[in-house]
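Coordinate inspection notes
Here's the letter readout for the chains.
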Amino acid sequence: ELPAAEGAFGAALALQGGHPTAMTGLAATLLSSARRAAAQGAPGMAAGDLQRAAVVAKQCTGLHGNLHSAWKLRGDIALQQGAITPPSASPADEPPEFRWQARLDAVAAARRAYAHALHLRPTAGAAWGDTAVTL
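Residues numbered from 1 in each chain as written. Predicted model: local features only at pLDDT ≥ 70, side-chain atom pairs only at ≥ 80, totals over all residues. Heavy atoms only, no water.

1. Observations regarding the overall build of the protein
The criterion, for reference: Working definition: helices are DSSP H or I runs of at least four residues, strands are E runs of at least two. Numbering for both runs from the N terminus. Each radius of gyration reported is based on C-alpha atoms, and the globular scaling rule is 2.2 Å times the count of residues to the power 0.38. Remark: exposure states derive from per-residue accessible area (1.4 Å probe, protein chains only) relative to the maximum for the residue type, with buried under 20%, exposed over 50%, and partly exposed in between. Any two residues having at least one pair of non-hydrogen atoms within 4.5 Å are treated as being in contact.
If you tally the helices and strands in the protein, you get six helices and zero strands. Each helix and strand of the protein, ordered N terminal to C terminal, gives the series α-α-α-α-α-α. For a compact globule of 135 residues, the expected C-alpha radius of gyration is about 14 Å, and the protein comes in at 15 Å, within 12% of that figure. Over its C-alpha atoms, taken along the principal directions, the protein stretches across nearly 45 × 35 × 25 Å. The 135 residues of the protein split such that 34% are buried. Within the protein, contacts between residues separated by at least 24 positions form 63% of all contacts whose residues are at least 6 apart in sequence.

2. Observations regarding the side chain of Thr24
Structurally, the position occupied by Thr24 is in helix 2 (residues 20-39). With relative accessibility at 17%, the residue Thr24 sits in the buried group. Once residues lying within four places of it in the same chain are set aside, the contact partners of Thr24 are Cys60, Leu67, Ser69, Ala70 and Leu73.

3. Regarding the confidence of the model for the protein
As a reminder, the rule being used: pLDDT measures how confident the predictor is about each residue, on a scale from 0 to 100.
Here the protein shows a mean pLDDT of 88. Residues at 70 or above account for 91%. Per-element confidence in the protein is highest for helix 2, whose mean pLDDT is 95, and lowest for helix 6 (residues 125-133), whose mean pLDDT is 82.

Spelled out as structure tokens, the structure:
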């Protein structure tokens, strides 16, 4: 399912790098994989998938800045990053306030991405709801 989809979108990007559908498809697949990993109790794996998804989504919005779905996806990824706390190497290495700051930064990034999506399509009802979630 998800690994096959990831492979198919990766193959499409190998054929035509920067294709917006392939980029958003890969990022959405990685987001789904991260959600599944988080639900199964693997936050480290989820964080890795989210990091890869964030890179792809950022590249997509950089290449295709007027693509509403890419900006919404970028916000969804950032919001999910705020919800997942990956295990640190050592709990003593990272004080709890750093983890909270990382979560707040992720929510702020989601808010900016949703605001950009809302700017592109102000009539999209879901964009208003997504933005409200981040406030």
